[in-house]
Amino acid sequence: EPEVTQTPSHQVTQMGQEVILRCVPISNHLYFYWYRQILGQKVEFLVSFYNNEISEKSEIFDDQFSVERPDGSNFTLKIRSTKLEDSAMYFCASSESPGLGETQYFGPGTRLLVL
Amino acid sequence: KQEVTQIPAALSVPEGENLVLNCSFTDSAIYNLQWFRQDPGKGLTSLLLIQSSQREQTSGRLNASLDKSSGRSTLYIAASQPGDSATYLCAVIAAGNKLTFGGGTRVLVKP
């Protein structure tokens, strides 16, 4: 069964460093998302992406964050200058179309630790 | 602003008992509601999606109901097994295409 994959599974970085989290959505899906979950807290929406542009972003998704689909398969989240509070599990998700009734399929997550 | 709440936060039952997990949301103008399972340190596995026009959805031992007007959904898991131990999350789409999540119910099924 097709699935969303994410790399790396774990990343440790120093405060102020740039990190890039990678995702390979399900191949025929067109709508992509990033969510994050700080330890012990709810899963929070960061950004959605369709047709090579951001569709929606939350207030968390400030200028330090960017997303990109550099080729036909990868979808990346970049954090330009990491802060301690960026430590979280980051989930990528995809859905088949932008329709509001579509199931979103999640990847296994990247656990980011900022020291 | 949409708020999603799940009660109880944790639940422990003996094997074989039926599980009842509750989810409530403040804005009833949702498009759909999705139930997920999360194992410790792992990703989210989609269990069921209920469209706003539906009252319930079933998959095997799982049944989810939706009462949009009162802002509630319930996930029933019949004849629980130790393998059902996990955190169960509900999430709604009310505007845009973003999911708003509840805090989850952590379930332990004791053999």
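This write-up is about the structure you can find in this document. (Residues numbered from 1 in each chain as written. Chains lettered and ligands numbered in written order. Predicted model: local features only at pLDDT ≥ 70, side-chain atom pairs only at ≥ 80, totals over all residues. Heavy atoms only, no water.)

## With respect to the overall build of chain B
Counting its secondary structure elements, chain B contains zero helices and 11 strands. Shown N-terminal to C-terminal, the secondary structure of chain B runs as helices and strands in the order β-β-β-β-β-β-β-β-β-β-β. In terms of overall size, chain B behaves like a compact globule, its C-alpha atoms giving a radius of gyration of 13 Å where 111 residues would be expected to give roughly 13 Å. By principal-axis analysis of the C-alpha atoms, chain B measures approximately 40 × 30 × 20 Å. Looking at the 111 residues of chain B, the share that counts as buried comes to 44%. Taking contacts inside chain B between residues at least 6 apart in sequence as the whole, the part at least 24 apart equals 54%. Accessible surface for chain B amounts to roughly 5,100 Å². Of this, 49% is attributable to carbon and sulfur atoms. (Helix = DSSP H or I, 4+ residues; strand = E, 2+ residues; numbered from the N terminus. Rg over C-alpha atoms; globule rule 2.2 N^0.38 Å. Buried < 20%, exposed > 50% of the residue type's maximum accessible area, 1.4 Å probe, protein only. Contact = heavy atoms within 4.5 Å. Areas by Shrake-Rupley, 256 points an atom, 1.4 Å probe, with all protein chains shown as cover.)

## A closer look at the pattern of salt bridges
Overall, the coordinates contain four salt bridges over all chains when judged by the stated rule. Of the charged contacts in the structure, one is a salt bridge between Glu56 of chain A and Lys98 of chain B, with a shortest N-O distance of 3.8 Å. One end of the pair, Glu56 of chain A, is in strand E6 (residues 53–57); the other, Lys98 of chain B, is in the loop between strand E9 (86–93) and strand E10 (100–101), on a second chain. Residue classification places Glu56 of chain A among the partly exposed residues on the basis of a relative accessible area of 21%. Note on Lys98 of chain B: relative accessible area 30%, which makes it partly exposed. Residue Asp84 of chain B is joined to Arg61 of chain B by a salt bridge in which the shortest nitrogen-to-oxygen separation is 2.9 Å. Pair noted here: Asp84 of chain B is in the loop between strand E8 (72–77) and E9 and Arg61 of chain B is in the loop between strand E6 (56–59) and strand E7 (62–67), with a separation of 23 residues, a long-range link. Here Asp84 of chain B falls in the buried class, since its relative accessible area comes to 7%. (Salt bridge = Lys/Arg side-chain N within 4 Å of Asp/Glu carboxyl O.)

## Focus: the sheet that holds E8 of chain B
Residue and element names in this part refer to chain B. Spatial ordering of the open sheet is given by E1-E3-E8-E7-E6, a layout of five strands whose pairing is antiparallel. The sheet is open, and its two edges are formed by strand E1 (4–7) and E6, each paired on a single side. The average undirected angle you get between the axes of adjacent strands in this sheet is 15°. Pairing between E1 and strand E3 (residues 19–25): four bridges, direction antiparallel. (Pairing = 2+ DSSP bridges. Axes fitted to C-alpha atoms, helices over the stretch in contact; angles between N-to-C directions.)

Any link to function would need more than the numbers given here.
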